[in-house]
Number of protein chains: 2
Amino acid sequence: MKRSRPIQIDWQPDKKSQLPVYRQIVQYVCDKVANGEWAIGSRLPSQRALAESFAVNRSTISTAIDELTSYGIISGEHGAGTQIVSNTWSLMLPTSLSWKKYISSGYLQENNKRMQQINRLEFAPDIIRLGTGELDPRLFPQQMWAKTLQKLSTEITSLGYAEPLGIPELRQAIARHMKKLGVDVSTKNILITSGALQALQLIASCMLEEGSTVFTEAPTYLKSLQMFQSAGLNLNGIPMDHDGLKYWEIEKQLKKSDSAILYTIPTNQNPTGITMSNLRRQELMDFCIKNRLPIIEDGAYQELCFDDEAAIPLKAIDDNGMVMYLGSASKSLAPGLRIGWVIASEPVIQRLGDAKMQMDYGASSLSQLVFAEFLNSGMYEKYLTELKVELKKRRDNALVTLDKYFKDIATWNVPVGGFYIWLTFNDEVEIDGLFEKAIDQGILLNPGDVYDFKHNRSLRLSFAYVDCGEFTSAMMMLNEILKS
Amino acid sequence: MKRSRPIQIDWQPDKKSQLPVYRQIVQYVCDKVANGEWAIGSRLPSQRALAESFAVNRSTISTAIDELTSYGIISGEHGAGTQIVSNTWSLMLPTSLSWKKYISSGYLQENNKRMQQINRLEFAPDIIRLGTGELDPRLFPQQMWAKTLQKLSTEITSLGYAEPLGIPELRQAIARHMKKLGVDVSTKNILITSGALQALQLIASCMLEEGSTVFTEAPTYLKSLQMFQSAGLNLNGIPMDHDGLKYWEIEKQLKKSDSAILYTIPTNQNPTGITMSNLRRQELMDFCIKNRLPIIEDGAYQELCFDDEAAIPLKAIDDNGMVMYLGSASKSLAPGLRIGWVIASEPVIQRLGDAKMQMDYGASSLSQLVFAEFLNSGMYEKYLTELKVELKKRRDNALVTLDKYFKDIATWNVPVGGFYIWLTFNDEVEIDGLFEKAIDQGILLNPGDVYDFKHNRSLRLSFAYVDCGEFTSAMMMLNEILKS
């Protein structure tokens, strides 16, 4: 029995961490108990001794002790010492080692810290969000929205459980909508999801074996999520040129992988803004057919091509059912609706639909009805037309601004649509320092590193969230910072 | 090389199955290829020979062959024979053996077939749904709904990504609402989910180790889902008496389990309608504290107690943070909103919130805003009062009907709220036969077996979906069937 074994403390909280010090101490104790280092019956040092060991003040220790006591991990009279009394509750705590890998691992990886910081800073007041992957709220089609809700206010007479694949009206509307993009499918090939992110989650958790390889563009926004990595999948970044993914680079790596899939954003890629040429698309399809490599095509920015002759989706030239197409209302209309869709062969849709029912019993019927009405009334198409005019104006302004202030120190691409410009500095720039200094000036940047497989000296700029004036003045400030 | 190995067929499709025959054949072939029995290069018999082996007609074979060809599994000229050419695509198919257990296992268990059949029959026209766990759509508060949507039509001016835990307005409104039920918590203890089902999914997938025991009432609606079993958790049914769960029966089984949790619906339990007495609640809490057994309290029917002196939630007497309370708008208002909530200690909420962000990036903001408006305007409370009057009327009618037609052949409880009456026949009744005969008469039953751990001779009756006249006439018909 280890009942009286004295506990040794050889650790101190990180006072610079985002996590409050008392919480770090709670985590530390939970870890020690959960992994068995501190057995039930072990005695903690006195609060005074703990305060000394951790180099914190007594009130912090007191807060941590109270929390640990409330979890039932420790128990004891003040002064008389405190004992470890249980580790049952460890399963309820955020640091338990027993939590499934796919949840816990995601938040332990380094680059996610930066993403969490960015996500938090996005809610700071008056910050200029120069890289945000979200539409300017001022572009929200409030008039159309009001009209839609007013119509539905009398039309909706009940809201029961919806069909597993999504409400028929919306699936029909999406089938018609996709036809205009060149994709001709029936409603049986369509599953409604809570955003395209959920579609990725469904695919990762029920269609890919642990250890499978996911080929994808390098850089890719997928790298900034932890979803695929957390599911035990290996991301393998493939470089791009101006025409998109250099698919031939896949071949030699394909042989090493038993099971593989390709994830691509061929149109207005996130984060580079590159759109794959139509020739490259055809070559890529041929390559994937030859190599039996299935494709996840993320079409989040598909409908945001500024010119008339838009790139056609891979799904439109997919005669072999190789492609799962992901659509979304999040980038082109409003992420808060949480509406996305998957287009795939029927058995795949059935399987994903089963999984979705187990996850959350379907997407909000209200959101589904709203988006169906947007599509069916023709308002969505009208809105998209206007939106693209505005985004194009912002892109043009961005290019003029870059030309004026960054020509000598950086290069960038000219996107044909979407949200993003990928800016790369000619010389090595200390991006972390730039990020911090920009924050001090009220500018939030999205450093390229969080999207890439290796270090780079790039920034993801977005002209979608800020207006022309904001973009220009923020870039001028950035230029000043770089000069100093 | 097995290139020319002839394939042996020793199986035939089940023509009585719900699955189309051609689909069964596709699955059969996929299984054989996926598990390696039929190697790449193997030759399939001719279509004529296949039709004979499977005892189906040629057109069925042709359909199956076309589908398999489109997947890239087989290839070949008609007449010249067909070869297995790939098993890469097996990872995309519903029968792949490699799919994760928690998705595929769920739909392979026997009792789920009955549930699937019930779910399907619920959409049949003119069927009387005598056991449905859903509110009558005719009770939908259309006036309040119209008012809410009209208000929001002008108030909503954008719909961006919401905060991870849910929009603050809704969490504040739920905190105020829960206070009326005796549960006093801050917004940091509240996570908004896409229905209570998603809350269960989040708990199952990120807070419980595989192999953990989930104690729960027997019978319980949890048995009709596959979620917990699919996550590798062991359901352990504990019997009830009129005061609810006989918690003392847990003790001897607790010793066998390293890691365990209790799932309970203390108020208007699904499917029995039993409400735990307040004395039993206090005893249960004491027992769980003593044994460090955390509790998931499902409060889906908590707000549907007909009398003024309603049962108080376990969460209201939870001084030790042992209870995760699940709330939902699905049973009391509308399942199509997909709004539920979890109330728990802060670290648990943070962990579940992280998991939720990985799953779908939060619930629909629109649904959240609608429910917040319902709560804040006072409409929800007014609606609940009226709803309970109507449900009580229906319950009373149900009891009168049962007394008149079933007194001599069955027993039942008197629920103090909720949707359900649990009817048990005195003598053994062939429930499967009764189910089928009732279907012929246009009546859909929910047999007790799907909710129980062992065979029973009970039915879950619901007075929530059908009105008084429908209930009475359906029960009269059922009585006739039983007599014949």
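An unreviewed UniProt entry lists chain A under the name GntR family transcriptional regulator, from Companilactobacillus kimchiensis. Turning to chain A, the UniProt annotation filed under Cofactor (unreviewed entry) states: "pyridoxal 5'-phosphate". Under the UniProt heading Sequence similarities (unreviewed entry), the entry covering chain A gives this text: "In the C-terminal section; belongs to the class-I pyridoxal-phosphate-dependent aminotransferase family."

Caption draft 1: Broad picture of the packing of aromatic side chains. Residues and elements named next belong to chain A. Taken as a whole and assessed by the stated rule, the structure comprises 30 aromatic pairs over all chains. Taken together, W341, F371, Y380 and Y383 form an aromatic cluster joined through their ring pairs. Its guanidinium or amino end placed over the ring of Y465, R129 lies 4.0 Å from that ring's centre, counting from NZ or CZ.

Caption draft 2: Local environment of the relation of the copies chain A and chain B. With an RMSD of 0.1 Å, the operation that places chain A on chain B is a rotation of 180° combined with a shift of 0.1 Å along the axis. As the rotation angle and translation indicate, the two copies are arranged about a two-fold axis. Counting the interface residues of chain A, we find that 100% of their copies in chain B are interface residues as well, pointing to one common contact surface.

Caption draft 3: Seen up close, the environment of F54(B). Residues and elements named next belong to chain B. In this fold, F54 is placed in helix α2 (residues 47-54). Along the sequence, F54 and I9 sit 45 residues apart, while their C-alpha atoms lie 8.0 Å from each other. With sequence-adjacent residues up to four places away left out, F54 is seen in contact with I9, W11, Q12, P13, I25, Y28 and I61.

Caption draft 4: Main features of unusual backbone geometry. Residue and element names in this part refer to chain A. In this structure, P219 follows A218 across a cis peptide bond, with omega equal to 0°. At A55, a position not held by glycine, the phi torsion is positive, near 55°. Topologically, A55 is positioned in the loop between α2 (47-54) and α3 (58-70). Assessed through its relative accessible area of 35%, A55 is described here as partly exposed.

Caption draft 5: A look at the packing of helix α13 (residues 365-376) of chain A against helix α13 (residues 365-376) of chain B. In contact at an axis separation of 8 Å, α13(A) and α13(B) are set at 115° when each is read in the N-to-C sense. Of the two elements, α13(A) crosses α13(B), and the hand of that crossing is right-handed. Facing L366(A), S367(A) and V370(A) of α13(A), the residues of α13(B) in contact are L366(B), S367(B) and V370(B). Among the residues making up the contact of α13(A) with α13(B), the classes are represented as 4 nonpolar, 2 polar and no charged.

Caption draft 6: Inspection of the interface of chain A and chain B at higher detail. Across the boundary between the two partners, chain A contributes 86 residues, which contact 86 residues of chain B. With both sides pooled, the region where chain A packs onto chain B buries about 7800 Å², and carbon together with sulfur makes up 60% of that total. Considering only the side of chain A, the residues that lose the most area to chain B are Y161(A), R292(A) and Q358(A), jointly responsible for 10% of the buried surface there. Our enumeration of links across chain A and chain B arrives at 1 salt bridge. The salt bridge partner of R23(A) is E346(B), with a shortest N-O separation of 3.9 Å. Where chain A meets chain B, there are 18 residue pairs in polar contact (both at pLDDT 80 or more).

Caption draft 7: Seen up close, helix α11 (residues 278-291) of chain B. Residues and elements named next belong to chain B. Helix length check: α11 (14 residues) gives 20 Å between terminal C-alpha atoms against 20 Å at 1.5 Å per residue, within 8%. For α11, the full list of buried residues reads R280, R281, L284, M285, F287 and C288. For α11, the angular spread of buried residues about the axis comes to 165°, placing them on one side. Facing away from the buried surface of α11 by more than 90 degrees, the exposed residues are L279 and K290.

Caption draft 8: Focus on the sheet that holds strand β14 (residues 410-412) of chain B. Residue and element names in this part refer to chain B. Across the sheet, which stays open at both edges, the 4 strands sit in the order β14-β15-β18-β17 with antiparallel pairing between neighbours. A strand with exactly one partner marks an edge of an open sheet, and here the two such strands are β14 and β17 (446-447). Bridging between strand β15 (residues 420-425) and strand β18 (residues 458-462) involves 5 bridges; their strand directions are antiparallel. Looking at the pairing, W422 lines up with R460 of β18. Seen against the sheet, helix α14 (residues 379-405) touches β14, β15 and β18 and runs at an angle of roughly 10° to β15.

Caption draft 9: How the structure looks around the pairing of strand β10 (residues 260-264) of chain A. Residues and elements named next belong to chain A. Among the 5 residues of β10, 5 are classified as buried, and the element is accordingly described as predominantly covered. Residues A260, L262 and T264 of β10 are buried on one face, and the alternating residues I261 and Y263, pointing to the opposite face, are buried as well. Both strand β6 (residues 213-217) and β10 contribute to a ladder of 4 bridges, which runs parallel. Counted as the bridge partner of T216 is Y263 from β10.

Caption draft 10: Here's a closer look at the packing of helix α14 (residues 379-405) of chain A against helix α16 (residues 468-483) of chain A. Residues and elements named next belong to chain A. For the pair α14 and α16, interaxial distance at closest approach is 9 Å and the crossing angle is 20°. Between α14 and α16, the interaxial angle falls into the category roughly parallel. Of the two possible hands of crossing, α14 and α16 adopt the one that is right-handed. Contact residues: α14 offers K393, R394, N397, A398, T401, L402 and Y405, while α16 offers C468, F471, T472, M475, M476 and N479. Counted by class, the contact of α14 with α16 contains 7 nonpolar, 4 polar and 2 charged residues.

Caption draft 11: Looking closely at the sheet that holds strand β2 (residues 74-75) of chain B. Residue and element names in this part refer to chain B. With antiparallel pairing, the 3 strands of this open sheet are ordered in space as β1-β3-β2. On the outer flanks of this sheet lie β1 (43-44) and β2, each paired with one strand and no other. In this structure, β1 lies alongside strand β3 (residues 82-84), joined through 2 bridges in antiparallel fashion. Its bridge partner being in β3, L44 is matched across the sheet by T82.

Caption draft 12: Broad picture of the pairing of strand β10 (residues 260-264) of chain B. In this structure, β10(B) lies alongside strand β11 (residues 295-298) of chain B, joined through 3 bridges in parallel fashion. Within the sheet, the bridge partner assigned to Y263(B) lies in β11(B) and is I296(B).

Caption draft 13: Broad picture of the pattern of salt bridges. All names here are of chain A. Scanning the entire structure with this criterion turns up 48 salt bridges over all chains. Between D307 and K392 there is a salt bridge, and its shortest N-O distance comes to 3.7 Å. Taken together, the positions of D307 in the loop between β11 (295-298) and β12 (323-328) and K392 in helix α14 put the pair 85 residues apart, joining distant regions of the chain. Of the residues examined, D307 reaches a relative accessible area of 42% and is grouped as partly exposed. Since its relative accessible area comes to 30%, K392 is described here as partly exposed.

Caption draft 14: Looking closely at the environment of T385(A). Residues and elements named next belong to chain A. Within the secondary structure, T385 sits in helix α14. Judged by its relative accessible area of 47%, T385 is partly exposed. Note: C-alpha distance between T385 and F306 (79 residues apart in sequence) is 8.8 Å.

Caption draft 15: How the structure looks around the nonpolar core. Judged by nonpolar contacts, the single largest core of 235 residues is most densely connected at F371(A) and F371(B). Apart from residues no more than four positions distant in its own chain, F371(A) is found in contact with L170(A), A329(A), L333(A), L337(A), I339(A), W341(A) and Y380(A).

Caption draft 16: Focus on the side chain of T60(A). Residue and element names in this part refer to chain A. With respect to the helices, strands and loops of the structure, T60 is situated in helix α3. Classification of T60 as buried rests on a relative accessible area of 16%. For T60, the side chain forms a polar contact with the side chain of N57, separated by 2.9 Å. Beyond its immediate sequence surroundings of up to four residues, T60 is in contact with V21, Y22 and I25.

Caption draft 17: Local environment of the confidence of the model for chain A. Residue and element names in this part refer to chain A. The predicted model of chain A has a mean per-residue pLDDT of 86, with 90% of residues at 70 or higher. Between the elements of chain A, mean pLDDT differs from a low of 28, seen in helix α4 (residues 101-104), to a high of 98, seen in strand β15 (residues 420-425). Confidence over residues 88-111 falls short of pLDDT 50; this stretch has 70 contacts with residues more than four positions distant or in other chains.

Caption draft 18: Inspection of the side chain of D298(B) at higher detail. All names here are of chain B. Relative to the assigned elements, D298 resides in strand β11. Among buried charged residues, D298 stands out as having no salt bridge; its nearest opposite-charge side chain is K331, 8.7 Å away. Looking at D298, its side chain comes within polar contact range of the side chain of Y263, at 2.5 Å. Apart from residues no more than four positions distant in its own chain, D298 is found in contact with Y221, Y263, T264, I265, P266 and L326.

About the criteria used
Residues numbered from 1 in each chain as written. Chains lettered and ligands numbered in written order. Predicted model: local features only at pLDDT ≥ 70, side-chain atom pairs only at ≥ 80, totals over all residues. Heavy atoms only, no water. UniProt positions renumbered as here; feature names shortened; annotations may be inferred. Phe/Tyr/Trp six-rings, centres within 6.5 Å; stacked < 30°, edge-to-face > 60°. Lys NZ or Arg CZ within 6 Å of the ring centre and 35° of its normal. Least-squares fit on C-alpha atoms with pLDDT ≥ 70 in both. Contact = heavy atoms within 4.5 Å. Helix = DSSP H or I, 4+ residues; strand = E, 2+ residues; numbered from the N terminus. Buried < 20%, exposed > 50% of the residue type's maximum accessible area, 1.4 Å probe, protein only. Axes fitted to C-alpha atoms, helices over the stretch in contact; angles between N-to-C directions. Left-handed = near helix turned anticlockwise from the far one by under 90°. Nonpolar A, V, L, I, M, F, W, Y, C, P; charged D, E, K, R; others polar. Buried area = accessible area lost by both parts, 1.4 Å probe. Salt bridge = Lys/Arg side-chain N within 4 Å of Asp/Glu carboxyl O. Polar contact = N/O pair within 3.5 Å; in protein donor to acceptor, adjacent residues only side chain to side chain. Expected span 1.5 Å × (residues − 1). Arc of directions from axis to C-beta. Pairing = 2+ DSSP bridges. Parallel < 35°, antiparallel > 145°, perpendicular 65-115°, else oblique. Core = buried A, V, L, I, M, F, W, Y, C linked by side-chain atoms within 4.5 Å. pLDDT = per-residue confidence, 0-100. Lys, Arg positive; Asp, Glu negative; His and termini not counted.

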